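If you want the building blocks of each chain, they are given just below.
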Amino acid sequence: DFFPLFNSGGGDFYLIDIKKESGKHGMIYYFSPSNPDFKGFITMSDSLKSLISTVITCYEKNAYKYDYSINSLIFNPELENKIFKDLNPKSDYWKLF
């Protein structure tokens, strides 16, 4: 019922619901077997299109930015949470924060 999109390399996966009858068809799920905030699967983005546009918005609003002086991506978790919550109102993951 799920098609894998990405993995973290550490056991976490992002999957898309491909079951048309599920009621959450097309939503992106986060699967993390070791996350203490939830058990198993949780909706993280309302759609693949929403996920991509939300990530772009995170860059535009500096929730994500690349710091060339240290060659690293810098995250602002509070701003990221707000952006994802605002742009993915049906997803349960962002309601945890």
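Residues numbered from 1 in each chain as written. Predicted model: local features only at pLDDT ≥ 70, side-chain atom pairs only at ≥ 80, totals over all residues. Heavy atoms only, no water.

*Asks:* Looking at this structure, I do not really get the nonpolar core. What am I missing?
*Replies:* Nonpolar side chains tend toward joint burial in soluble globular proteins. By size, the foremost hydrophobic cluster in this structure holds 14 residues, and its most contacted members are Tyr-30, Cys-58, Phe-84 and Tyr-93. Elements that contribute at least two residues to this core include exactly β3 (28-32), β4 (40-45), α1 (48-60) and α2 (77-87). Not counting residues up to four positions away in its chain, the partners in contact with Tyr-93 are Tyr-30, Phe-38, Ile-42, Thr-43 and Met-44. (Core = buried A, V, L, I, M, F, W, Y, C linked by side-chain atoms within 4.5 Å. Buried < 20%, exposed > 50% of the residue type's maximum accessible area, 1.4 Å probe, protein only. Helix = DSSP H or I, 4+ residues; strand = E, 2+ residues; numbered from the N terminus. Contact = heavy atoms within 4.5 Å.)

*Asks:* Help me understand unusual backbone geometry, please; the structure alone is not making it clear to me.
*Replies:* Here the phi dihedral of Asn-62 falls at roughly 65 degrees; this positive angle occurs in a residue that is not glycine. Secondary-structure assignment places Asn-62 in the loop between α1 and β5 (64-67). Using a relative accessible area of 45% as the deciding quantity, one classes Asn-62 as partly exposed. Notably, Asn-71 is not glycine yet its phi reads approximately 50 degrees, a positive angle. In this fold, Asn-71 is placed in the loop between β5 and β6 (72-75).

*Asks:* I keep staring at the pairing of β5 and nothing clicks. Help me out?
*Replies:* In the case of a regular strand, side chains alternate between the two sheet surfaces. Where β5 meets β6, 4 bridges bridge the pair, whose relative direction is antiparallel. When the sheet's bridge partners are listed, Tyr-66 is paired in β6 with Leu-73. Between the end of β5 and the start of β6, which pair antiparallel, lie 4 residues, with Asn-71 showing a positive phi angle near 50 degrees. (Pairing = 2+ DSSP bridges.)

*Asks:* Hey, could you run me through the environment of Lys-90 in this one?
*Replies:* With respect to the helices and strands, the residue Lys-90 is situated in the segment after α2. When the C-alpha atoms of Lys-90 and Met-27 are compared, they prove to be 9.0 Å apart, with 63 residues separating the residues in sequence. Setting aside chain neighbours within four positions, we find Lys-90 in contact with Met-27, Thr-43, Asp-46 and Lys-95.

*Asks:* Would you mind showing me how to read α1 here?
*Replies:* Because the α-helix completes a turn every 3.6 residues, residues three or four places apart line up on one side. With 13 residues, α1 should reach 18 Å at 1.5 Å per residue; the first-to-last C-alpha distance of 18 Å fits that figure. Listing the buried residues of α1 in full gives Ser-50, Leu-51, Thr-54, Thr-57 and Cys-58. Taken end-on, α1 shows its buried residues confined to a sector of 125 degrees, consistent with a single buried face. Residues of α1 that are exposed and angled more than 90 degrees away from the buried face: Lys-49 and Glu-60. Where α1 is buried, its residues touch β1 (2-7), β3, β4, β5 and α2. Positive backbone phi, approximately 65 degrees, marks Asn-62, located one or two places after α1. (Expected span 1.5 Å × (residues − 1). Arc of directions from axis to C-beta.)

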